[in-house]
Amino acid sequence: MTASDTGRPFTVEPWCVREPALHLEAMGQTESVFALSNGHIGMRGNLDEGEPHAIPGTYLNSLYERRPLPYAEGGYGYPESGQTIINVTNGKLIRLLVDDEPFDLRYGTLNRHERVLDLQAGTLTREVEWASPADRTIRVRSTRLVSLTQRAIAAICYEVEAVDAPTTLVVQSELVANEQLPQRANGDPRVEAALAEPLVSEQHRSENAGATLVHQTRQSGLRLAAAMDHEVYGPESTKTSSEATEDIGRTTVIARLKPGETLRIVKYLSYGWSSRRSLPAVHDQVRAGLAAARFTGWEGLLAEQRAYLDDFWVTADVEIDGDAELQQAVRLAVFHVLQAGARAERRAIGAKGLTGDGYDGHTFWDTETFALPVLSHLAPDAAADALRWRQSILPLAMERAEQLGLAGAAFPWRTIRGHECSGYWPAGTAAFHINADIADAVRRHVAATGDLVFEREVGLDILVQTARLWRSLGHHDSAGQFRIDGVTGPDEYTAIVDNNVYTNLMAQLNLRYAADVAARNPRAAAKLGVNAEEMASWRDAAASMRIPFDETLGVHPQAEGFTDHQIWNFEHTPEKKYPLLLHFPYFDLYRKQVIKQADLVLAMQLQPDAFTPEQMARNFAYYEAITVRDSSLSAATQAVVAAWTGHLDLAYDYFAEAALVDLGDLAGNTDHGMHIASMAGTWSAVASGFGGMRTDRDGISFAPRLPAALPRISFGVLWQGRSLRVTMTSDEVEYRLVSGPPMRLRHHGEALALADAPVVRDMPAVPPVEPVEQPHGRGPRRRHPG
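The rules we used
- Residues numbered from 1 in each chain as written.
- Predicted model: local features only at pLDDT ≥ 70, side-chain atom pairs only at ≥ 80, totals over all residues.
- Heavy atoms only, no water.
- Helix = DSSP H or I, 4+ residues; strand = E, 2+ residues; numbered from the N terminus.
- Rg over C-alpha atoms; globule rule 2.2 N^0.38 Å.
- Buried < 20%, exposed > 50% of the residue type's maximum accessible area, 1.4 Å probe, protein only.
- Contact = heavy atoms within 4.5 Å.
- Areas by Shrake-Rupley, 256 points an atom, 1.4 Å probe, with all protein chains shown as cover.
- Axes fitted to C-alpha atoms, helices over the stretch in contact; angles between N-to-C directions.
- Parallel < 35°, antiparallel > 145°, perpendicular 65-115°, else oblique.
- Left-handed = near helix turned anticlockwise from the far one by under 90°.
- Nonpolar A, V, L, I, M, F, W, Y, C, P; charged D, E, K, R; others polar.
- Phe/Tyr/Trp six-rings, centres within 6.5 Å; stacked < 30°, edge-to-face > 60°.
- Lys NZ or Arg CZ within 6 Å of the ring centre and 35° of its normal.
- Disulfide = S-S within 2.5 Å.
- Salt bridge = Lys/Arg side-chain N within 4 Å of Asp/Glu carboxyl O.
- Pairing = 2+ DSSP bridges.
- Polar contact = N/O pair within 3.5 Å; in protein donor to acceptor, adjacent residues only side chain to side chain.
- Expected span 1.5 Å × (residues − 1).
- Bend = angle between axes of the 7 residues up to and from the residue.

Quick rundown of the overall build of the protein chain? Include the residues and the values.
Counting its secondary structure elements, the protein chain contains 20 helices and 33 strands. For the protein chain, whose C-alpha radius of gyration is 27 Å, the value lies close to the compact-globule estimate of 28 Å for 786 residues. Principal axes of the C-alpha set define a box for the protein chain whose edges measure 90 × 60 × 60 Å. A burial count over the protein chain gives 61% of its 786 residues as buried. Considering only intrachain contacts with a sequence separation of at least 6, the fraction spanning at least 24 residues in the protein chain is 68%. Split by element, the accessible area of the protein chain, about 28900 Å² in all, is 48% carbon and sulfur.

Spelled out as structure tokens, the structure:
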């Protein structure tokens, strides 16, 4: 399928994303989609020559600058400063002069331009044929990678061929710090000033074929180093030289090519940063990384990248028959989730990964709720490291809890290094559910991996402190019920409520799980000051947790009294007024029945056992009618619960919306980075939604069902040292153990033993259900026929 057929800049292919022609109007989107990352280094898909661009971006995980948080009115407990990810030293730049004419696609004649993100090779390839204003034609081919095996390394192979006449080429391969960036829309000038030229030079050196720059961030005091080296292949007369100044390292290659001759340059890049290490140590670190990369060589880096991804895709691949566009989108989604965390290694996974500057590079609750469950089943080491990062910031979370007058730990709503960076407390500090979300990610990871050492050494610490938070945040009322009042749930159009069902159910699970793990590990728990009385208090709070239910409507109110609120006037809200938060005051949103993103429905996805099938069906129908999906987090959750409640065509529609949010730029903001949680939710829509997968300490179960338009879906999952593949068709389901010891699972409640031979079971029929309605004009785009 061509790009013009889809109305987007990309063709539809199973294992790559191809832009067959340059689309300047979609440059921000393509820079994000084509971003390469390993969780430590992130490089947006900017053109090699740097211009034109939408948002230049090279990022190092958790390297940030402090900035002011301006308030019209201050208050106790408000964060005093924020943290913003910064564009670090740009090593992607390779500028080219062709007989004194700059290679710039805005001038001359562009005969051909194609870029391809290869999801199996882990590379971004570009091929260009261009005639200069002086009518000299050249061909440029570049291949870029950010290594998944050598954490500090990125590399580019850059080739230029003279086509129609002898041509003099000057290639300037650069490291550039404090790169000029486009001004942020509606940016506060105080914030812009704090982020202008955030890097202060500490050292600059050049070698014959490379350079090293060392800088320190102006406010946060973090030290970073970037180094480059080159291999040059060209005519014997080719000359190479290097120079360095405070903010620029440059290697210049000059060659005279005859028609048909090629100049080939391999550029190796190494990045590192530290808040503690000395300048010589950080300098030597990146130089050592370069030495290792050059020892491996360009072909070796390509081979390592391919081998890493080949091993990953054995389990991670999702096969979808009947919808080629979704097949591509799901693979891209899984690829970007992997890139976000593969080598993050005890640092945060941001909402945009390292693909853009959206949300200031912050991590939120959606990392634990959406991304980590996927990584626990596809790349468990990455998930474990993300949770170890949470453990590492526990001291800051405990300080925050003390500041708020609470026990235990209050994790930040949004952060880079562990400090609270949300200046809007009703949708930040009050969203205490993040603490239970983190605890639940621990529980799910231990269930997926069976790693009881991790549970004891990492999980217990988190569980104890979050349980203490809930015990101090809530209280028993006169009826003996445990209440949690004045909090905000996942839905950001409702705030400061009592007994949000999602929050209470997640807190309940947090309290129970903390007590169970502490009981299984009494010595480790005792070191944290946990005794039998405290564990009993957690269990008591969990057992008496208030879960509101509206007996009149037969549904769970999202929070106490929610179903008594006035319903938003959807009929008289035109499409141009969405998202609502940009056109209506929060006080009006907060007092009406209108939902930005799945909240009660997310509670049903994460804690299905807390609801009867009848309650789940009625709840889903009720909340469908008032959910406007002004957040990209919603569609995937609605897809899962739609599938569970028998609305398979609707689940297909929501699945497509989640999967295509960036390939189709459905939210209109892909230019600021990929929506990593929606990408992860795409996998969950397949595995949990259509596959009916549920996991706990007792095992793994499936209840597959397929929409009629998709004749076959196959997905893999890692489960406690095993690789399992589930293949669903309209008639049957096959469970195949790819590797690992024999295992047991459940298929629609039937216990199955799986060893060498696949096990096949019938796909049960799904009884018809009454259709559900969405708010006027807010239904998903129909994907299914008919």
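Which residues make up the packing of helix α18 (residues 634-644) against helix α19 (residues 648-659), and what are the values?
The description of two helices packed together rests on the angle between their axes and the distance between the axes. Interhelical geometry of α18 versus α19 gives an angle of 160° and a closest axis separation of 8 Å. Looking at the two axes, α18 sits roughly antiparallel to α19. For α18 against α19, the interelement crossing comes out left-handed. Each of Ala635, Ala636, Gln638, Ala639, Ala642 and Ala643 in α18 lies in contact with α19, whose residues at this interface are Leu648, Leu650, Ala651, Tyr654, Phe655, Glu657 and Ala658. Each residue belonging to the contact of α18 with α19 can be placed in one class, and the counts come to eleven nonpolar, one polar and one charged.

Explain the packing of aromatic side chains to me, using residue names and the numbers behind them.
Throughout the structure, instances matching the rule amount to 18 aromatic pairs. A ring pair is formed by Phe702 and Tyr735, whose centres lie 5.5 Å apart and whose planes are at 45°; its orientation type is tilted. With a gap of 33 residues between them, Phe702 in strand β27 (residues 699-702) and Tyr735 in strand β30 (residues 732-739) connect regions that are remote in the sequence. Given a relative accessible area of 1%, Phe702 falls into the buried group. Taking the relative accessible area as the measure of exposure, Tyr735 reaches 0% and is therefore buried. Taken together through their ring pairs, the aromatic side chains of Tyr359, Phe364, Trp365, Phe370, Trp413 and Tyr502 make up a single cluster. The ring of Trp15 carries the charged tip of Arg331 above its face, separated from the ring centre by 3.8 Å. Here the guanidinium or amino end of Arg694 rests over the ring plane of Trp644, the centre of that ring lying 4.4 Å away.

Pulling in residues and values, what's your account of the state of the cysteines?
According to the stated counting rule, one finds zero disulfides in the structure shown. Of all cysteine sulfurs in the structure, the one in Cys157 sits closest to Cys16, which takes part in no disulfide; the separation is 19 Å.

Quick one: what's the story with the side chain of Ser220, residue by residue and with numbers?
Relative to the helices and strands, Ser220 is located in the loop between β16 (210-217) and β17 (223-233). Beyond its immediate stretch of four places on either side in the chain, Ser220 contacts Tyr64, Glu65 and Arg66.

Explain the pattern of salt bridges to me, and be specific about the residues and the numbers.
Counting across every chain of the model gives 56 salt bridges. Across the pair Glu243 and Arg250 runs a salt bridge whose closest N-O atoms are separated by 3.3 Å. Among the residues examined, Arg250 registers a relative accessible area of 19% and is labelled buried. In this structure, the salt-bridge partner of Asp498 is Arg483, at a minimum N-O distance of 3.8 Å. Of this pair, Asp498 sits in the loop between β23 (482-483) and α12 (501-520) while Arg483 is found in strand β23, placing the two residues 15 residues apart along the sequence. We classify Arg483 as buried; its relative accessible area is 16%. The network of salt bridges with common partners includes Glu13, Arg18, Arg112, Glu114, Glu127 and Arg141.

Requested: an account of the sheet that holds strand β9 (residues 101-102), with residues and values cited.
Pairing in this open sheet of five strands is antiparallel, and the strands run β9-β8-β14-β19-β18 from one edge to the other. Edge strands, defined here as strands with exactly one partner in the open sheet, are β9 and β18 (239-244). Two strands pair when backbone bridges link them, and strand β8 (residues 94-98) and β9 are joined in this way by two bridges, in the antiparallel orientation. Bridge pairing links Leu97 to Pro102 in β9.

How would you explain the environment of Ser274 if you had to name every residue and give the values?
On the secondary structure map, Ser274 appears in strand β20 (residues 262-274). The sequence separation of Ser274 and His362 amounts to 88 residues, and the corresponding C-alpha distance is 19 Å. Those residues in contact with Ser274, other than ones at most four positions away along the chain, are Leu222, Arg223 and Val282. Side-chain polar atoms of Ser274 contact the backbone nitrogen of Arg276, separated by 3.0 Å.

Tell me what's going on with the sheet that holds strand β26 (residues 694-696), and back it up with residues and numbers.
Two strands in a sheet stick together by hydrogen bonds in their backbones, pointing the same way (parallel) or opposite ways (antiparallel). Taken in spatial order, the four strands of this open sheet run β26-β27-β31-β32, and their pairing is mixed. Strands at the two margins of the open sheet, each flanked by one partner only, are β26 and β32 (750-754). For this sheet the average axis-to-axis angle between neighbouring strands, irrespective of direction, equals 25°. Note that β26 and β27 share three bridges and pair antiparallel. Counterpart to Thr695 in the pairing with β27 is Ile700.

Describe helix α7 (residues 366-378), naming the residues involved and giving the relevant values.
Owing to its 3.6 residues per turn, the α-helix aligns residues three or four sequence positions apart on the same side. In this model, α7 (13 residues) spans 17 Å end to end at C-alpha, consistent with the 18 Å of a helix rising 1.5 Å per residue. The largest bend along α7 measures about 40° and falls at Leu372, with the proline Pro373 one to four residues further on. Burial analysis of α7 places 13 of its 13 residues in the buried class, which makes it a mostly covered element.

Talk me through the environment of Arg783; I want residue IDs and the actual numbers.
Note that Arg783 resides in the segment after β33 (759-762). For the pair formed by Arg783 and Val487, sequence separation is 296 residues and the distance between their alpha carbons is 37 Å. Once residues lying within four places of it in the same chain are set aside, the contact partners of Arg783 are Asp323, Glu325, Leu326, Tyr652, Asp653, Ala656 and Leu660. Separated by 2.9 Å, the side chains of Arg783 and Asp323 make a polar contact.

Lay out the environment of Trp683 in plain terms, naming residues and giving numbers.
Mapped onto the secondary structure, Trp683 falls in helix α20 (residues 676-690). As a C-alpha pair, Trp683 and Ala316 span 367 residues in sequence and 9.3 Å in three-dimensional space. Setting aside chain neighbours within four positions, we find Trp683 in contact with Val318, Val334, Val374, His377, Leu378, Met693 and Gly716.

Please provide a residue-by-residue account of the pairing of strand β28 (residues 712-719), values included.
Among the eight residues in β28, six count as buried, and that is most of the element. Bridging between strand β21 (residues 318-321) and β28 involves four bridges; their strand directions are antiparallel. In the sheet register, Glu319 faces β28, and the bridge partner there is Ser714. Two strands pair when backbone bridges link them, and β28 and strand β29 (residues 722-729) are joined in this way by eight bridges, in the antiparallel orientation.

Please provide a residue-by-residue account of the side chain of Ser37, values included.
Within the element layout of this structure, Ser37 appears in strand β3 (residues 36-37). The exposure class of Ser37 is buried, given its relative accessible area of 2%. Within the structure, the side chain of Ser37 is placed 3.0 Å from the backbone nitrogen of Gly39, a separation counted as a polar contact. If sequence neighbours within four positions are ignored, Ser37 has contacts with Gly42, Val146, Leu148, Gln339 and Leu354.

Got a sec to walk through unusual backbone geometry? Specific residues and values, please.
For the bond running from Glu51 to Pro52, omega is -5°, close enough to zero to count as cis. If you trace the backbone, Pro52 turns up in the loop between β4 (41-43) and β5 (58-60). Cis peptide bonds are those with omega within 30 degrees of zero, and the linkage from Tyr578 to Pro579 qualifies with -5°. For Pro579, the location among the structural elements is in the loop between β24 (566-567) and α15 (586-590). In this model, Arg629 sits at a positive phi of 55°, which is unusual for a non-glycine residue. Its location among the elements puts Arg629 in the loop between α17 (613-624) and α18. In this structure, Gln720 is a non-glycine residue whose phi angle is positive, near 50°. Looking at the secondary structure, you find Gln720 in the loop between β28 and β29.

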